[in-house]
Amino acid sequence: MLRSTSSLTLPERMTLGWGKLRRFYLAHFRPAYVRESLARRVGQCDRTGACCHLMFTCPLLDQKSDPVRCTIHAIKPKVCRLFPIDERDLRDRDIISPHTPCGFSFVPRQEFLARGPAAVREAETHVHVEAIDLPKERGEAHPHGH
Ligand code: SF4
């Protein structure tokens, strides 16, 4: 069950607003960070739609379909396509969906880096930022393994 955006406290709204700015900055100006972070990401989108309710409900979300559906899925913005970029995004989205976790999680950064530079580089080669997409139906395996 998702929280309504009208129930958000001011600090929660500020956290979510800051998260939007952070993601925009990372998605557009920090490609190396995004690549490394996504190389640590495991799981898949469960299509709860929680990330479409951060601060406000996106008007492009079709809430009548089950599961919910992005009406501009094929051309949606990079920030949507990349979500979640890192653990901070998961914390933000958990404000909206405190009882149902995101289908994605992250291998802790220290643990990931401890695998050594070769393993990190290898993991990063499997991240294709421009090709990252959501599965079409709930439960469908993600085409790129993220
Ligand atoms: S994925 Fe689509 S519905 Fe969700 S926030 Fe992005 S544009 Fe809106």
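Counting from 1, residues in each chain are numbered in the order their sequence is written. Restriction of local features to residues with pLDDT of at least 70 applies here, the model being predicted, together with a cutoff of 80 or more for giving and counting side-chain atom pairs; totals for whole chains, interfaces and linings are based on all residues.

So, the overall build of the chain
Applicable threshold: Numbering goes from the N terminus for both helices and strands, where a helix is a DSSP run of H or I of at least four residues and a strand is a run of E of at least two. We call a residue exposed when 12 or fewer other C-beta atoms sit within 10 Å of its C-beta, buried when the count reaches 20 or more, and partly exposed for counts in between; the C-beta positions come from the backbone.
A count of helices and strands for the chain gives six helices and four strands. Seen in sequence order, the chain has helices and strands lined up from the N terminus as α-α-β-β-β-α-α-β-α-α. Expressed as a percentage of the 146 residues in the chain, the buried residues total 20%.

Some remarks on the site of the ligand
We apply this condition: Only the C-beta atom matters for nearness: placed from the backbone, it must lie within 6 Å of the molecule or strand for the residue to count as near. When residues are grouped by polarity, Ala, Val, Leu, Ile, Met, Phe, Trp, Tyr, Cys and Pro land in nonpolar, Asp, Glu, Lys and Arg in charged, and all others, Gly among them, in polar.
If you check the shell around the ligand, you find C52, C58, L60, L61, C70, I72, K76, P77 and C80 and nothing else. For the shell around the ligand, the per-class residue count stands at eight nonpolar, no polar and one charged.

Focus: unusual backbone geometry
Leaving glycine aside, a negative phi is the common case for residues, and trans is the common case for peptide bonds. Residues D66 and P67 are joined by a peptide bond in cis, for which omega reads 0°. Here the bond from F83 into P84 is cis, since omega is -5°, no more than 30 degrees from zero. Relative to the helices and strands, P84 is located in the loop between α3 (78–82) and α4 (87–96). One non-glycine residue, R47, lies in positive phi territory at about 55°. Mapped onto the secondary structure, R47 falls in the loop between β1 (41–43) and β2 (61–62). A tally of 20 C-beta atoms within 10 Å means that R47 is categorised as buried. A positive phi angle, close to 80°, is found at M55, a residue other than glycine. Residue placement: M55 occurs in the loop between β1 and β2. What makes M55 partly exposed here is the crowd of 19 C-beta atoms within 10 Å.

Quick notes on helix α2 (residues 31–39)
Basically, it comes down to this: C-beta atoms are first placed from the backbone for all residues, and any pair lying within 7 Å is then listed as a contact.
Every buried residue of α2 is accounted for by V34, S37, L38 and A39. In this structure, the buried residues of α2 make contact with α1 (10–29), β1, α3 and α6 (117–125).

Looking at the confidence of the model for the chain
Convention followed: The quantity called pLDDT is the predictor's confidence in a given residue, expressed from 0 to 100.
Confidence along the chain averages 88 in pLDDT terms, with 88% of residues attaining 70 or more. Considering only residues more than four positions removed or in separate chains, one finds that residues 134–146, a stretch of pLDDT under 50, has 19 contacts.

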